[in-house]
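Here are the chains, one letter per residue:
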Amino acid sequence: MSRAETGNVPVARVETPDAGVGAVRTPNPLWSLGLLRSELLITFRRWRTLALLGVLAAVPVLVGIAVKIETSDGSSSLGGGGGGGGEGPAFISQISNNGLFLVFTALAATLPFFLPMAVGVVAGDAIAGEAGAGTLRYLLVAPAGRTRLLLTKYATVIAFCLAATLVVAVSALAVGALLFPLGDLVTISGTRIGYAEGLGRALLIALVVAASLVGVAALGLFVSTLTGSGIAAMATTVGLLITVQILDQIPQLHALQPYFFSHYWLSFADLMREPVYWDDLVKNLGLQALYAAVFGSAAWARFTSKDVTA
């Protein structure tokens, strides 16, 4: 059995006059790109991945239809939206006035649970799924080495983070354009910006949301190196995600909450202020980088030292 049966990853085994028959050469960048391409194809062709993306795409549809029905009596906005705080409800109150706000609302609705849960499933299965399927040791026969394989797996999870976020944003943009009017936007600060600038901020917000998931991706990858069961790794990652979300809501833990990876997730709303508030955005990105470094290093230490028997 070989990886070619599942992903067509080439094994760069060559014969050289000096090294003899069967010597394995050092992998070159083109081989690494081939490995990454194979991992991306395998990940995004799985029915589980497609189902996760389908669920994420459905969330903006449901939100848009709900708002349309709620405002079908001719009212211009939902009540109780307020205008402050930068949370999801502040965007919901503006959807019927401008469909572009559905993008911000959908991202705010999916970021606390749906997006990180999907990322946790993919990351948790990255290494443990290969071990459970019995293909991990065949992957390690290839000249990539454990470090390069782990980096490729992490890059694939990051690509899923970006793809999942863009699926939500594009679905919301399409539904918003179909159900609601489009035009200039009024920011949280009360200033007006053009539609083109609003689209640019929507793209920037989507990128920030995707970057907010790199900490969860590293955590899931680390958990995936601890077990040979993909289901156990996915369940543990999602369980940790839910636990951290609960702890982040307990007032008595306010001193610890700024260090939880989810604490600054909704800071992307500050991109809809004029001028933009950068403090919490920078804290969020810095915290995600810290989680990625810590749990990425832990995953590397575990994966490069463990015995692979499956």
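Everything numeric in this text was worked out from a predicted model, so none of it was measured. Throughout, residues of each chain are indexed from 1 in the direction in which the sequence is written. In keeping with the model being predicted, local features are shown solely for residues with a pLDDT of at least 70 and side-chain atom pairs are shown and tallied solely at 80 or more, while totals for entire chains, interfaces and linings include all residues. Heavy atoms throughout the structure, all of them, feed into the side-chain values; hydrogens and water do not.

As for the overall build of the protein
Part 1 of the argument: Of the regular secondary structure elements, the protein holds 11 helices and two strands.
Part 2 of the argument: In the protein, the order of α-helices and β-strands from amino to carboxyl end is α-α-α-α-α-α-α-β-β-α-α-α-α.
Part 3 of the argument: Buried means the residue's accessible area, taken with a 1.4 Å probe over protein chains only, is under 20% of the maximum for its type, while exposed means over 50%, and partly exposed covers the values in between. Here the protein, with 310 residues, has 45% of them falling under the buried criterion.
Part 4 of the argument: Pairs at least 24 residues apart make up 73% of the contacts formed inside the protein by residues separated by at least 6 positions. Strands are runs of DSSP state E lasting at least two residues, helices are runs of H or I lasting at least four, and both sets are numbered from the N terminus onward. Working rule for contacts: check all heavy atoms of both residues, and any pair within 4.5 Å makes them a contact.

Examining the packing of aromatic side chains
Part 1 of the argument: Centres within 6.5 Å make a pair out of two Phe, Tyr or Trp rings, where for Trp the six-membered ring is used; the pair is then stacked when the planes are under 30 degrees apart, edge-to-face when over 60, and tilted otherwise. In this structure the tally under the stated criterion is seven aromatic pairs.
Part 2 of the argument: Both rings, one in Phe-222 and one in Phe-295, keep their centres 5.9 Å apart while their planes meet at 50 degrees; by these two values the pair is tilted. Placement of the pair is Phe-222 in helix α9 (residues 214–224) and Phe-295 in helix α11 (residues 279–305), with a sequence separation of 73 residues.
Part 3 of the argument: Centroid distance Phe-261 to Tyr-291: 5.5 Å. Interplanar angle 90 degrees. Geometry classified as edge-to-face. Separated by 30 residues along the polypeptide, Phe-261 in the loop between α10 (230–247) and α11 and Tyr-291 in helix α11 bring together distant segments of the chain.
Part 4 of the argument: Exposure remark for Phe-261: the relative accessible area of 3% places this residue in the buried category.

Here's the deal with empty space enclosed by the protein
Part 1 of the argument: Cavities and pockets are defined on a 1 Å grid built over the protein atoms alone: a cavity is a set of grid points where a 1.4 Å probe fits but cannot escape, while a pocket is an open set with protein on both sides within 12 Å along at least five of seven lines, and lining residues are those with an atom within 4 Å of any such point. Grid points are joined across faces, edges and corners, and a volume is the space filled by probe spheres set on the points. For the structure shown, the criterion picks out two cavities of 30 Å³ or more.
Part 2 of the argument: Considering only enclosed or pocket space, the largest cavity measures out at about 80 Å³ in volume.
Part 3 of the argument: The wall of the largest cavity is formed by Glu-39, Thr-43, Arg-46, Val-122, Asp-125, Ala-126, Glu-130, Lys-153, Thr-156 and Val-157.
Part 4 of the argument: The set of elements that each furnish at least two residues to the lining of the largest cavity consists of α1 (29–45), α5 (114–133) and α7 (145–179).
Part 5 of the argument: Per element, the largest residue contribution to the lining of the largest cavity is four residues, and it comes from α5.
Part 6 of the argument: Taken together, the residues of the lining of the largest cavity sort by class into three nonpolar, two polar and five charged. Ten residue types, Ala, Val, Leu, Ile, Met, Phe, Trp, Tyr, Cys and Pro, are classed as nonpolar, four, Asp, Glu, Lys and Arg, as charged, and the remainder, Gly among them, as polar.

A look at α11
Part 1 of the argument: A rise of 1.5 Å per residue sets the reference length of α11, with its 27 residues, at 39 Å; its end C-alpha atoms lie 39 Å apart and thus fit the reference within 8%.
Part 2 of the argument: Every buried residue of α11 is accounted for by Leu-281, Asn-284, Leu-287, Gln-288, Tyr-291, Ala-292, Ala-299 and Phe-303. Each helix should span, by expectation, one fewer than its residue count multiplied by 1.5 Å.

Some words on the nonpolar core
Part 1 of the argument: In this structure, Phe-104 and Phe-268 are the most contacted members of the largest nonpolar core, which totals 62 residues.
Part 2 of the argument: Every element with two or more residues in this core is listed here: α2 (47–70), α4 (101–110), α5, α7, α8 (195–211), α9, α10 and α11.
Part 3 of the argument: It is α7 that provides the largest number of residues to this core, a total of eight residues.
Part 4 of the argument: Setting aside chain neighbours within four positions, we find Phe-104 in contact with Phe-91, Leu-185, Gly-198, Ala-202, Ile-205, Phe-268 and Met-272. Residues grouped as a nonpolar core are buried Ala, Val, Leu, Ile, Met, Phe, Trp, Tyr and Cys residues, joined through side-chain atoms within 4.5 Å.

Details of α5
Part 1 of the argument: The terminal C-alpha atoms of α5 lie 26 Å apart, and with 20 residues this matches the ideal 28 Å at 1.5 Å per residue to within 8%.
Part 2 of the argument: By the largest-angle criterion, Ala-126 marks the main kink of α5, which is about 50 degrees. Think of it this way: the bend at a residue is just the angle between two axes, each fitted to seven residues, one set ending at that residue and the other starting at it.

Thoughts on the side chain of Asp-125
Part 1 of the argument: Inspection of the secondary structure assignment puts Asp-125 in helix α5.
Part 2 of the argument: Classification of Asp-125 by relative accessible area gives buried; the value is 10%.
Part 3 of the argument: Those residues in contact with Asp-125, other than ones at most four positions away along the chain, are Arg-46, Arg-48, Glu-130, Ser-224, Gly-230 and Met-234.

Digging into the confidence of the model for the protein
If pLDDT is low for a region, its predicted coordinates should not be looked at in detail.
Part 1 of the argument: Confidence of the prediction at every residue is given by pLDDT, a number between 0 and 100. The pLDDT averaged across the protein works out to 82; a share of 80% of its residues lies at or above 70.
Part 2 of the argument: Summarising per-element confidence for the protein, the mean pLDDT is lowest in helix α3 (residues 88–92) (60) and highest in α9 (94).
Part 3 of the argument: When the criterion is pLDDT under 50, residues 1–25 qualifies, and its contacts beyond four places in sequence or with other chains add up to 39 contacts.
Part 4 of the argument: Across residues 79–89 the pLDDT falls below 50, and counting only partners more than four positions away or on other chains, this stretch makes 16 contacts in the model.

Let's talk about unusual backbone geometry
Part 1 of the argument: With an omega of 0 degrees, the peptide bond running from Glu-274 to Pro-275 counts as cis.
Part 2 of the argument: For Pro-275, the position within the fold is in the loop between α10 and α11.

With respect to the packing of α7 against α11
Part 1 of the argument: In this description, a line fitted to the C-alpha atoms serves as the axis of each element, helices being fitted only across the stretch in contact, and the angle between N-to-C directions of two axes falls anywhere from 0 to 180 degrees. At their nearest, the axes of α7 and α11 sit 10 Å apart, and the two run at 140 degrees to each other. Classed by the angle they form, the pair α7 and α11 counts as oblique. The element α7 and its partner α11 pack so that their crossing is right-handed. Contacts between α7 and α11 pair Arg-146, Thr-147, Leu-149, Leu-150 and Tyr-154 from the former with Ala-292, Ala-299, Trp-300, Phe-303, Thr-304 and Ser-305 from the latter.
Part 2 of the argument: When the residues that make up the contact of α7 with α11 are grouped by side-chain class, the tally is seven nonpolar, three polar and one charged. Any angle that falls under 35 degrees is termed roughly parallel, while one over 145 is termed roughly antiparallel, one within 65 to 115 roughly perpendicular, and all others oblique. Should the near helix be turned anticlockwise from the far one by less than a right angle, the crossing is left-handed, and should it be turned clockwise, the crossing is right-handed.

Points about the environment of Phe-113
Part 1 of the argument: With respect to the helices and strands, the residue Phe-113 is situated in the loop between α4 and α5.
Part 2 of the argument: When its relative accessible area of 33% is taken as the criterion, Phe-113 is described as partly exposed.
Part 3 of the argument: Placed 128 residues apart in sequence, Phe-113 and Leu-241 show a C-alpha to C-alpha distance of 8.2 Å.
Part 4 of the argument: Sequence-distant contacts of Phe-113, defined by excluding residues within four places in its chain, comprise Leu-241, Ile-242 and Gln-245.

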